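Structural overview for review
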Amino acid sequence: MPIGKTESTLESVDNNWNERNDGIDNPAFADSNEAKTGDAGSEEDEEDVWKLPEFQQDYTSWSDLSVRGKVVRVLWHYIGKLILLLGFLYVFICSLSFLGDAFQLLGGKAAGRAFSENKILSNPVAGLMIGVLATVLLQSSSTTTSIVVSMVGGGGLLSVHLAIPIVMGANIGTSVTNTIVSIGQITNKNDFRRAFAGATVHDAFNWLSVLILLPLEVATGYLELASEAMVDSFHLQSSGKGKIDFLKVITKPFTSLIIQIDKSVITGLATGKVKSGDDLSIIKHMCCDKMKNVTSTLVNGTLVETVKTVKVNCGYCKFMFESVSRDDGWSDAAVGGVLLAIALALLCVCLVAIVKLLHSLLRGQMAHVIRKFINADFPGACSYFTGYLAIAVGAGLTMLVQSSSVFTSSLTPLVGIGVLSVERMYPLTLGSNIGTTVTSILAAFAQDSKNIRSSLQIALCHLLFNISGILIFFPLPFFRPPIAAAKFLGNQTAKYRWFAVMYLIFAFFLLPAAGFGLSVVSWIALAAVFIPIGVILLLVFIIKVIQRRCPTCLPVKLRNWKWLPVYCRSLEPMDRGLVCVTGNCFCCRRLGCCAALVEAGDTESDGHVAMEDTNGNRPENGTVGNTTKL
């Protein structure tokens, strides 16, 4: 490239950099009038980025294939790749199980001890935050709910009133898994935008539901009263049959060869039945066969049979980490760290392979038919009810796999590659929330007669909470803020890909930890911090809506955000700071984590840099506009 052209290109880059530094590229704070003319935040472009992409057409039609080509296509493209897809999906689900086990090894005992502090749980905000943190650490809302049920039913360690905020927190924490999964598509800007939005629509719904329903529950107690009335109307009788976990029947033969966790230790720590100690481990070391022992006794002339389950043939369990963690071997934290690395590696490899296989399979007319069927609406006036069918499908599939995390995590890559729209992902996610509570209700009937009432009431509170959220945020098509919030987050991650990691840390760790700490101090400290922040966010939201709908109704100064300092209206200063800290490293350029000035492979042999596209745009996130590299 000539030197003169390079200098002019660098000058163009500096001009565009200064324009971004003004914060006008941020769609969250762009003026509604400027949005129509701005190159990065225009409404037309914003609408285009959410349109489902066209699939590739680089294939030979069936009629033009030879006999050998037809055989190869059927055996490899259809059957072979489908088998590979199912295989990688199986390992992907197993890696989610390993991820949950790793978090339990790293933080399971801490979560159990947190539940044992029932004085702290008397504060509903503290209970909510403990529910979020515990579910993130345990990677299972079912485990959190079962601990809560054990505390409510086992000796009255916790009342139903205090348990409801914890269940709400568990509902939030369970959405962390699919948010982690979406980061696997970080290398492709548009795929990552869609995948992250598809994952965070679950987060947004759960957080918004809690913001409205938790204060309502504290003020009225409607969830407790409604669930109590429903339980009173039932003729409760223990069935002795728990839920049939179809998914674990398939995955347990493999996962049990790697690690086995004794969840009763965590429950025991929460209920006070197990004393905490340095040598306490939640890794299962002793395995026994279970056998039913039936004894018959004559009581008042009636033969009564008593069935007891006894353990026989006890010995050391056989799995990969058992011998190294026995006695004075590796600690739970060490095993958890290694298992976490294995789980994340498997998760990334499987996710990349699944995305590549789906891209390969979904080509041609078949892809259009599948996508049209999944995202289609009922004809005419019945189109309104399509979303409710999607909710029913999501609930049914979640009941089948017995895990909302697995279900939503499996759909996230489909949103990323453009098979599933964010608007269709939303009702499927809501149905997943319903499905995971139905399994809890079925499991409640397996409890003994002493615990069945409290277990069922907690499960019904969970169900009513999710139904209440759906009634608020779904029936009116024009009032579905979780979709708008998810798309906003998706746009931010497309511009600043480090934002995804920051969001994950903030939403699931820092915010719950800060809320828990302030609520423990006092209500005054909690209110003094969160009420002003909430008021400011509400005012920003209202002003932004007016800017879009009727900007002339606002004073001239409030029609845009230029009067604010740049760090209050744009992430650009933080982005530039990260570029300075990382030194524009190779990984950041390849992943597009920061606004890298140079992408790997763009430096020519003569030392000059090609940093210009056909429109003269500045490189963003390691890429130059929407054109190919020059």
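Structure first, text after, so check above.
Residues numbered from 1 in each chain as written. Predicted model: local features only at pLDDT ≥ 70, side-chain atom pairs only at ≥ 80, totals over all residues. Heavy atoms only, no water.

Inside soluble globular proteins, nonpolar side chains tend to come together where they are buried. Among the nonpolar cores identified, the biggest contains 87 residues, and F92, L105, L158, M168, I259, L339 and F508 are the most heavily contacted of them. Of all the elements, helix 13 (residues 332-361) adds the most residues to this core, at 12 residues. Apart from the residues within four sequence positions on either side, F92 is in contact with V181, L347, C350, L351, I354, S409 and S410. W50, V422, Y426 and A486 belong to the second largest nonpolar core, which has 29 residues in total. (Core = buried A, V, L, I, M, F, W, Y, C linked by side-chain atoms within 4.5 Å. Buried < 20%, exposed > 50% of the residue type's maximum accessible area, 1.4 Å probe, protein only. Helix = DSSP H or I, 4+ residues; strand = E, 2+ residues; numbered from the N terminus. Contact = heavy atoms within 4.5 Å.)

Together, F378, Y384, F385, Y388, L389, V393, L397 and L400 give the surface a local cluster of nonpolar side chains, amounting to about 680 Å² of exposed area. Mapped onto the elements of the fold, L400 is located in helix 15 (residues 386-401). (Patch = residues over 30% accessible without salt bridge, like charges linked within 9 Å, V, L, I, M, F, W, Y side chains within 5 Å. Areas by Shrake-Rupley, 256 points an atom, 1.4 Å probe, with all protein chains shown as cover. Salt bridge = Lys/Arg side-chain N within 4 Å of Asp/Glu carboxyl O.)

Moving on to the packing of aromatic side chains. Applying the stated criterion across every chain yields a total of 15 aromatic pairs. Pairing F385 with Y388 gives two aromatic rings, centres 6.5 Å apart and planes at 45°, and the pair type is tilted. Ring centres 5.9 Å apart and planes at 45° place the aromatic pair Y496 and W498 in the tilted group. Looking at Y496, the relative accessible area reads 1%, which means it is buried. Connected via pairs of aromatic rings, a cluster forms that spans F205, Y384, F385, Y388, Y426, F473, F474 and F479. Directly above the ring of F474 sits R480, whose terminal nitrogen or CZ lies 4.0 Å from the centroid. (Phe/Tyr/Trp six-rings, centres within 6.5 Å; stacked < 30°, edge-to-face > 60°. Lys NZ or Arg CZ within 6 Å of the ring centre and 35° of its normal.)

Let us look at the state of the cysteines. Covalent bonding between the sulfur atoms of two cysteines defines a disulfide. In total, this model carries 2 disulfides according to the counting rule given. The side chain of C287 participates in a disulfide bridge whose partner is C317; the two sulfur atoms lie 1.8 Å from each other. Sign of the S-S torsion, about 105° for the bond between C287 and C317, identifies this disulfide as right-handed. Here C317 lies in the loop between strand 2 (302-316) and helix 12 (322-325) and C287 lies in strand 1 (residues 286-299), a separation of 30 residues in the sequence. Residue class for C317 comes out buried when judged on its relative accessible area of 4%. There is a disulfide in this structure between C550 and C553, and the S-S distance comes to 2.3 Å. Classification of the bridge connecting C550 and C553 rests on its S-S torsion, roughly 60°, and on that basis the disulfide is right-handed. With relative accessibility at 26%, the residue C550 sits in the partly exposed group. A relative accessible area of 55% means that C553 is categorised as exposed. (Disulfide = S-S within 2.5 Å.)

So, on to helix 20 (residues 498-521). In this model helix 20 runs 32 Å from its N-terminal to its C-terminal C-alpha over 24 residues, within 8% of the 34 Å that 1.5 Å per residue would give. In helix 20, a bend of some 45° at F506 exceeds every other bend along the element. Among all positions of helix 20, only W498, F499, A500, Y503, L504, A507, F508, L511, P512, G515 and S519 are buried. (Expected span 1.5 Å × (residues − 1). Bend = angle between axes of the 7 residues up to and from the residue.)

That is the geometry; function is a separate question.
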